[in-house]
Amino acid sequence: MMAHVIDVRRLRIFVAVAEEGSFTAAAQRLYLTQSAVSQQMSVFEREVGIALLRRMPRGVTLTPAGEALVVRAGKLFGEISAIEQEMRTFGESQQEVRIGAFATAALELLPQALKSFKARRPDIRVLLKSVPTEDVATRLRDGDIQVLLTWEYDFAPQPMDRTLAQLRLPDDPLLVVLPADHPLAGRPDLALADLANERWVVRSHRPPFEHAYETMCRIAGFEPDIAFRTDDYQALQGLVAAGMGVSLAPALSLTPHRDDVVTLPLSEPTFTRRVTALTLPEVSRTAPVADFLDVLRESAEMVG
């Protein structure tokens, strides 16, 4: 019987096709042509000796063999990334930690963690990258980043890749944001229903959270009158300060805090963002990533 040899480069292309669900989307991600991806997958299946993909009118699905191979490939690429990280400790080049994070983590949480990490490990270079939340597992497995800070709303938990190591950090509570001269600004806290008759300024989100504000208000029993949508929390504060409406914002997003707005905690029902640091299990145990995770946990508890 002929031994089947797996080409690692084609295996990476296969994983991209599996994760994206189509040759076209995988080609865009890999900066290849659609025909090149299709051709490489035909060659790869011949090399492996079994069908891995089902070609559908729109996109592809995995055969049972393909599903098994994706799982094994994820573990393989995690081991490769861990090996690369470990080998750097023996080389002459400077070691580094590559971090991906959501934007508001860079306002207070990450600066505190990076300052503490620099004091503990001044020999390590830190690279910080902005990473879309939908690109999580791919960027980790490719080794482009080693630690990813991500979030989800507590009322809309998302499926998590179980092959990734998860470090839960303190929750990021949503706070009411009011103009400083608002009649309710002197309260110690507010129920969301107290704002049912107000106009709203809301933060625009990408899927799956594009209707987050409407969902929270509906849980509180009303339909919000949305006056403005913005994709920036500083702009959100500015619109609230100008009297354009009231809002909610996560605590981590409110740095710097404007003097002409007031933030109040919610009474029941409360809402939070769940913050998690994700890594490949193999990478999480290697230095200096393990050191950074320790510092990140300590800093998150201080900020929270």
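Look above for the structure.
This is a predicted model, so every value here is computed, not measured.

(A) Local environment of the nonpolar core. By size, the foremost hydrophobic cluster in this structure holds 63 residues, and its most contacted members are Leu149, Trp200 and Leu248. Top element by residues in this core is helix 10 (residues 289-303). It accounts for six residues. The residues touching Leu248, leaving out its near neighbours within four places in the chain, are Leu174, Leu175, Val176, Val177, Leu192, Trp200, Tyr213, Met216, Leu236 and Leu266. Judged by nonpolar contacts, the second largest core, of 20 residues, contains Ala26, Val37, Leu69 and Phe77.

(B) Structural context of the pattern of salt bridges. A full pass over the atoms with the stated rule returns 16 salt bridges. A salt bridge links Glu45 to Arg55, with the shortest nitrogen-to-oxygen separation between them at 2.7 Å. Residue Glu45 is found in helix 3 (residues 34-48), and its partner Arg55 is found in strand 1 (residues 53-55); the two are separated by ten residues along the sequence. Note that Asp291 and Arg121 form a salt bridge whose closest N and O atoms lie 2.4 Å from each other. Here Asp291, found in helix 10, pairs with Arg121, found in the loop between helix 5 (109-120) and strand 4 (125-130); they are 170 residues apart in sequence, far enough to count as distant. Residue class for Arg121 comes out buried when judged on its relative accessible area of 18%. A cluster of three or more residues bridged by salt bridges with shared partners is formed by Asp7, Arg10 and Glu47.

(C) Structural context of the pairing of strand 10 (residues 247-250). Of the two faces of strand 10, both are covered, the one formed by Ser247 and Ala249 as well as the one formed by Leu248 and Pro250. Bridge count between strand 7 (residues 172-179) and strand 10: four bridges; the pairing is antiparallel. Bridge pairing in strand 10 links Leu175 to Ala249.

(D) Examining the packing of aromatic side chains more closely. Taken as a whole and judged by the stated rule, the model has eight aromatic pairs. When the centroid spacing of 4.9 Å and the interplanar angle of 75 degrees are considered together, the rings of Trp151 and Tyr153 count as edge-to-face. Tyr153 carries the same exposure label as Trp151, and that label is buried. Between the aromatic rings of Trp200 and Phe222, the centroid separation amounts to 6.4 Å while the plane-to-plane angle is 35 degrees, which identifies the pairing as tilted. Of this pair, Trp200 sits in strand 8 (residues 199-203) while Phe222 is found in the loop between helix 7 (212-219) and strand 9 (225-230), placing the two residues 22 residues apart along the sequence. Feature note: the residues Trp151, Tyr153, Phe155, Phe209 and Phe271 constitute an aromatic cluster, connected by ring pairs. The ring of Phe77 carries the charged tip of Arg12 above its face, separated from the ring centre by 4.1 Å. Cation over ring: Arg203 sits above Tyr233, and NZ or CZ is 4.8 Å from the ring centre.

(E) Representation of helix 3. Its 15 residues give helix 3 an end-to-end C-alpha distance of 21 Å, which sits within 8% of 21 Å, the value for a rise of 1.5 Å per residue. All of the buried residues in helix 3 are Val37, Gln40, Met41, Phe44, Glu45 and Val48. All buried residues of helix 3 lie within an arc of 135 degrees about the axis, which places them on one face of the element. In this structure, helix 3 carries Gln39 and Arg46 as exposed residues pointing more than 90 degrees from its buried face. Directly beyond the C-terminal end of helix 3, a positive phi value near 90 degrees is found at Gly49.

(F) Representation of the packing of helix 5 against helix 10. Interhelical geometry of helix 5 versus helix 10 gives an angle of 135 degrees and a closest axis separation of 8 Å. Taken together, helix 5 and helix 10 sit at an angle that is classed as oblique. For the element pair helix 5 and helix 10, the recorded crossing hand is right-handed. Packed against helix 5, whose contacting residues are Leu109, Leu110, Gln112, Ala113, Leu114, Ser116, Phe117 and Arg120, the element helix 10 presents Asp291, Phe292, Asp294, Val295, Leu296, Glu298, Ser299, Ala300, Met302 and Val303 at the interface.

Criteria and cut-off values
Residues numbered from 1 in each chain as written. Predicted model: local features only at pLDDT ≥ 70, side-chain atom pairs only at ≥ 80, totals over all residues. Heavy atoms only, no water. Core = buried A, V, L, I, M, F, W, Y, C linked by side-chain atoms within 4.5 Å. Buried < 20%, exposed > 50% of the residue type's maximum accessible area, 1.4 Å probe, protein only. Helix = DSSP H or I, 4+ residues; strand = E, 2+ residues; numbered from the N terminus. Contact = heavy atoms within 4.5 Å. Salt bridge = Lys/Arg side-chain N within 4 Å of Asp/Glu carboxyl O. Pairing = 2+ DSSP bridges. Phe/Tyr/Trp six-rings, centres within 6.5 Å; stacked < 30°, edge-to-face > 60°. Lys NZ or Arg CZ within 6 Å of the ring centre and 35° of its normal. Expected span 1.5 Å × (residues − 1). Arc of directions from axis to C-beta. Axes fitted to C-alpha atoms, helices over the stretch in contact; angles between N-to-C directions. Parallel < 35°, antiparallel > 145°, perpendicular 65-115°, else oblique. Left-handed = near helix turned anticlockwise from the far one by under 90°.

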